[in-house]
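# Topology and contacts: notes
Listed below, chain by chain, are the residues.
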Amino acid sequence: MQFRQQALAKLQSPEELDLPVRFARPQGWLALSVSVVVMAAASVWAVTGSVASTVSAQAILTHGQGSYILQSPVAGQVTAVLTEQGERLPANSPVLKVRTSQGDSIVRTVAAGRISALAATIGQIIQTGTNVAAVEKVAHTSDPLYATVYVPAENASSIPADAPVDLTVSSVSTQEYGVLRGHVKSVDRAAQSAQSIAAFLGDSQLGGQFTKKGRPVAVLVRLDPSRKTKSGYKWSSADGPPFRLDSMTLASGSIRLADQRPVDWLLP
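I will try to describe carefully the structure that is included in this document. (Residues numbered from 1 in each chain as written. Predicted model: local features only at pLDDT ≥ 70, side-chain atom pairs only at ≥ 80, totals over all residues. Heavy atoms only, no water.)

## Things to note about the packing of aromatic side chains
Scanning the model with the defined rule gives one aromatic pair in all. For the ring pair Tyr150 and Phe210, a centre distance of 4.7 Å and an interplane angle of 25° mean the geometry is stacked. On the criterion of sequence distance, the pair formed by Tyr150 in strand 10 (residues 145-152) and Phe210 in the loop between helix 5 (204-209) and strand 13 (216-223) is long-range, its members being 60 residues apart. One exposure class covers both Tyr150 and Phe210, and it is buried. (Phe/Tyr/Trp six-rings, centres within 6.5 Å; stacked < 30°, edge-to-face > 60°. Helix = DSSP H or I, 4+ residues; strand = E, 2+ residues; numbered from the N terminus. Buried < 20%, exposed > 50% of the residue type's maximum accessible area, 1.4 Å probe, protein only.)

## Points about the side chain of Thr100
Among the structural elements, Thr100 can be located in strand 5 (residues 94-100). Non-local contacts of Thr100, meaning those with residues more than four positions away in its chain, are made with Val74, Ala75 and Ser105. (Contact = heavy atoms within 4.5 Å.)

## As for the pairing of strand 10
Counting buried residues along strand 10, seven of its eight residues qualify, which places the element largely inside the surrounding structure. By the bridge criterion, five bridges tie strand 1 (residues 54-63) to strand 10 in an arrangement that is antiparallel. Looking across to strand 10, one finds that His63 is bridged to Leu145. (Pairing = 2+ DSSP bridges.)

## Thoughts on the sheet that holds strand 11 (residues 164-169)
Reading around the barrel, the six strands line up as 1-10-13-12-11-14 and close back on themselves, with antiparallel pairing between neighbours. Across the sheet, the axes of successive neighbouring strands diverge by a mean angle of 40°, strand direction being ignored. Here strand 12 (residues 180-191) runs beside strand 13; their pairing, made up of six bridges, is antiparallel. The residue bridging Val187 from the neighbouring strand is Val219, located in strand 13. Strand contacts of helix 4 (residues 194-201): strand 1, strand 10 and strand 13, with the helix running at about 175° to strand 10, the strand carrying the most contacts. (Axes fitted to C-alpha atoms, helices over the stretch in contact; angles between N-to-C directions.)

Everything listed here is a matter of coordinates, which is why it stays silent on function.
Below, the structure is given as structure tokens:
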């Protein structure tokens, strides 16, 4: 009852009607102003900004033309291995000598390249069509390396031309030398089977490895050249590793996808 009488008394006092009324404290105005500025900035970014995303996948360093499997055209016993793993040979070079029922026969390379694997040994009995070697197609030591990144097929359409790529190379310490830099050269829109990958790389095990999670798309990456590094390519560190890179080295690649507008997911 006492509070009611006090309230009525205030309403009946006309001398206080001209006093200013404080609607908010200065701290409240400051918080409101900051909120308005933040909301305005977020609205502008939602319309004009973009979100960068990446896709990561397994990769391998090769020379751009790939490899092929050398098969024996004859059946017989291997009596001599005429080359060594890692050796570069011109086309039609001798690889094996095979003793057949008609006499000795020579198994030769089909195209110029580097012997990346030898599957035949002296004394081995082979049949016509037996895989005896894997040959990487490279004619000159100066031929550049490329990286092939096998990305999930659903990401292929989001990869822009010349997109930047960071490659973590299995034989290089990332903490010490960083990542290898490159840019997308081309995207093969057709999904790759284990057989097609094995044919390109000359290795059936890699074909199975790169297709464990489904048929991927092959993205060819051009490595950024550099005259300042021992490897001849650009790294996130200043010098990169103190050695040259070998083909058929495994890696993992992180490709920057096309920028996406945040408004696409902010608005229904």
